[in-house]
Structure formats: C-alpha cells, structure tokens
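Tertiary structure, described
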Amino acid sequence: MAAIKYELLKKDKNSNARLGKITTPHSVIDTPCFMPVGTQATVKALSKEEVEETGAQIILGNTYHLWLQPGHKLIEKAGGLHKFMNWDKSILTDSGGFQVFSLAKMRDIKEEGVTFKHHKNGSKLFLSPELAIEIENSLGSDIMMSFDECPPYPATHEYMEKSVERTIRWAKRGYEAHKKKDTQGLFGIIQGGIYPDIRKYCCEELTKIDFAGYSIGGVSVGEPKEEQNLALDYSLPYLPLDKPRYLMGVGSPGAILDGVERGIDMFDCVLPTRIARHGTAMTSRGRLILKNACFEEDFTPLDKECDCYCCKYYTKAYLHHLIKADEMLAPRLISIHNIQFLENLMKGIRKAIKEDRFLEFKAAFYEKYGLDNNDKDF
RNA sequence: GCGAAUAUGGUGAAGUGGUUAACACGGUGGAUUGUGGCUCCAUUAUGCUAGGGUUCGACUCCCUAUAUUCGCC
C-alpha cells in the first residue's frame, strides 16, 4: 500500500492551477501548499507550536545536514525525526543532492555517487543514491527525495544531457533501494534546465517509475524568472495528473503564483526564514526592510491584513528597535510573520481556485504587492 | 599660577612634506530562493581645532590662540 495519496479536488477553469489534498501517514496536506524549511531538524528560531500556529502542515528536513550532524542512526535511535524534533505532522526530506552542489567544494561526480569535502571540517565524504535513501529511511520522513545532480546555471546542452541521464539512473537505483514504500513516499526529480527536449525526456523516463510524486529541480539557481517559468512549461505537461508536483526551492510570492498557475502543488523555500533573520518582512504591500530608518517611529503592525502573533502584538518601531539592538526576538517574530504570510497566501490561492478565480486573485496580489509580471520577485 | 603632552569623520583611531587621508565600529541603502544562524555588497571626512608663518607645495615643520589630559605649587 502506498504511503502517499494525492487527491485532485478541482482544477481552475482558466488556468492549470489545481486544488488538492495529500494524505501522508502523519497528516493531510491541503495543496497548493508552502513548506517551511527546517534543515537541521528545526525551523530556525521557532518552536513546534509556533510553526504549527502559522498553518504549516508539512515542513522540510535535510538528509545531508542530518547525516553529518547528529547522524541518521542517532535520529533513528531517538525514534525517528518526527519524535526527535517533536513534530507530529508531515515531514519531507531533501536528498542532499542540492547541498552537494551548493555547499561542497572539490566534488567529484562519478556514476557510483559523489565524493566531496565536508563543508565545515573538510573531511572526505561520499554520498550515493542508495545511501541517501538509507538515511531518509532512518529519518522516517513522510516524503523522500531521490538523490539527484542539480546542474549549474547556465549549463550546456551537452552537459545537461549527460547529467540528466545520470540523474535518471540514480533515481531508478534510489527507487530500488527504498525499502519502506508503505510508510514513506519517494519523489523523482525532474532536471533538464531550460532545454525543452531534455525536460520532456526526463519526465518521460521518470514517470515510467511509480514515484509518489514529482519534483521540478534545477530552478532558483540564478536564472531569470522567465526561464524558471519555461522550465515548468517544459515539464508539467508530461507529468501525471494523479500525482503531486513539487517545485523545489521556490518561495517568493510572485514565483509561487506563477507556479500554481502552471499546476504546481508544493513549494518550499528558505527565503521567508532567512530574510527574517536579516530583518526583512514580506507583506501584502511588498517587502519591508525593518532596519530602515523610516520605521523608527512607525507604531503600526507589519501588515494590517495579517493575523499572525507578531502582527497581533508588535509594531514596526519595536521590530526596528530589536534589530538595531541585535536582539534575538526580532528574527523569531519576523520568521513567524513571514511563514504565516506565505501560509495565508496559499490559503487565499486555494480558496480562489475553488471559486474559479485564480487569475483574478493573482492579478490583484501582484497589483497590491507592487510588482508587475516582469519583476523577478518582489 | 608654572610645566608637559595631545588636538584627524558620529566613535576608536592609522598616516606621509607632494595627485584619491588606512582600517574598524556606527550610519544610510541594497541583497538573500531543495539554509554553512548574526552573512554579503554599496555608500558614508573636497577635509585633518582656529589664525598666522616657512616652503614650489603642509594634515604633516615653526609661532600664537583655544580646548582637553597629566604633573607641580
């Protein structure tokens, strides 16, 4: 019996946006959804209750980081990642493929796997499709990612072809190695950059395997917004309707709306929590850099339309002060707000799809947020 | 009152007789996308206490004033 069930509840009449529901062993997830990132078994700065309060139904953990510290065996001993970190809703684990390419220097990619140096102590490490699965099995996440190569941008057609062939072979090996199919769902990752033929080929090959869902990888690596959308246009038509689609690493409001419009169900991104730690908030009227002098005497909440804990009790002037004074409450409050802002955005999106007015919703959001369709992000 | 030392941006300060006054903090603005948790980038003194003088040229040498600090009466 499959661990992950996707139900397509409704498709928007005027776009490819879709309303759905994913059921995992730990929870039901309404889609389209946003998943906060908790790389090292914690959504940075927040407690379980605070994350829950934002409306998040699923969060991410990271294979690479948890493998190195504290070690997947230790987490298994603790009773699995859910128990270890006190999160009883769903968890998705990334395979570590991205980290190997974003963090590690001196990597050596071979058919068997990737040899690279530890990003902190320089020791030699080796990660393969089978090991990534073994780690993810130990962690016990609801949704697992295959170990893939995230090719750089830009990459030549020739390089991309070879890389994707290898990613496909790795995906097959990972699927074979996955021993807990009844409790954990494994996703395949579509690569191919902005080459239509390679994206299509990758979809065709990976859909031959019965993955629980499909991820679009290789985006948010520095490419312009139009190309990110092209990568979706070149992939989504070739993916099955009865499986969830996950756009990896995308979390700016504009890009989320573009993805939903094309038929994406799941998003994750470090953006809301990272910019929060650096003092920037997402609001319905655009982005606010709270350390800016103009907020010194602004005694209003971050966003009048937000119902989060931060907006309920605190003002911009207070947040400005906390940042200036380098107080750790600031990253916490802004992280709570930013995540809830995106969770609320997803709620709005789901409601709009239900009522067949997604495109109007998107246009209104763009207008208010202060960007047009050509803007990269904010 | 006498003697001595020091006077460089918001702060701590480096500095040389010769075109753009080091660096750090702070200030201001920006970045951040499958997270290396206080990061990165840009910008921030047309001026070196004031007034004279020496010199081709002085923030740098000399004189005076002022301020601060220390010591002695």
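No experiment lies behind these values; they were computed from the predicted model shown.

Rules behind the numbers
- Residues numbered from 1 in each chain as written.
- Chains lettered and ligands numbered in written order.
- Predicted model: local features only at pLDDT ≥ 70, side-chain atom pairs only at ≥ 80, totals over all residues.
- Heavy atoms only, no water.
- Helix = DSSP H or I, 4+ residues; strand = E, 2+ residues; numbered from the N terminus.
- Rg over C-alpha atoms; globule rule 2.2 N^0.38 Å.
- Buried < 20%, exposed > 50% of the residue type's maximum accessible area, 1.4 Å probe, protein only.
- Lys, Arg positive; Asp, Glu negative; His and termini not counted.
- Charge placed at Lys NZ, Arg CZ, Asp CG, Glu CD.
- Contact = heavy atoms within 4.5 Å.
- Pairing = 2+ DSSP bridges.
- Axes fitted to C-alpha atoms, helices over the stretch in contact; angles between N-to-C directions.

Each helix and strand in chain A was counted, giving 15 helices and 16 strands. For 378 residues, the compact-globule estimate of 2.2 N^0.38 gives 21 Å, and chain A sits close to it at 20 Å. For chain A, the proportion of its 378 residues judged to be buried stands at 57%. Within chain A, one finds 51 positive and 53 negative side-chain charges whose respective centroids are separated by 2 Å.

One can find Tyr-234 in the loop between helix 9 (225-233) and strand 13 (245-247). Put simply, Tyr-234 and Pro-196 are 38 residues apart on the chain and 5.2 Å apart in space, counted from C-alpha to C-alpha. Not counting residues within four places of it along the chain, the set of residues in contact with Tyr-234 comprises Ile-194, Tyr-195, Pro-196, Arg-199 and Lys-200.

The strand order 4-14-13-12-11-10-6-5 describes an open sheet built from 8 strands, whose pairing is parallel. Each edge of the open sheet is held by one strand with a lone partner, namely strand 4 (33-36) and strand 5 (58-62). Going from strand to strand, the sheet's axes swing by 25° on average, the running direction of each strand aside. Taken together, the 3 bridges between strand 12 (residues 213-216) and strand 13 define a ladder with parallel strand orientation. Residue pairing in the sheet places Ile-216 in a bridge with Leu-247 of strand 13. Strands in contact with helix 8 (residues 196-206) are strand 11 (185-190) and strand 12; relative to strand 11, the strand with the most contacts, it is inclined by about 155°.

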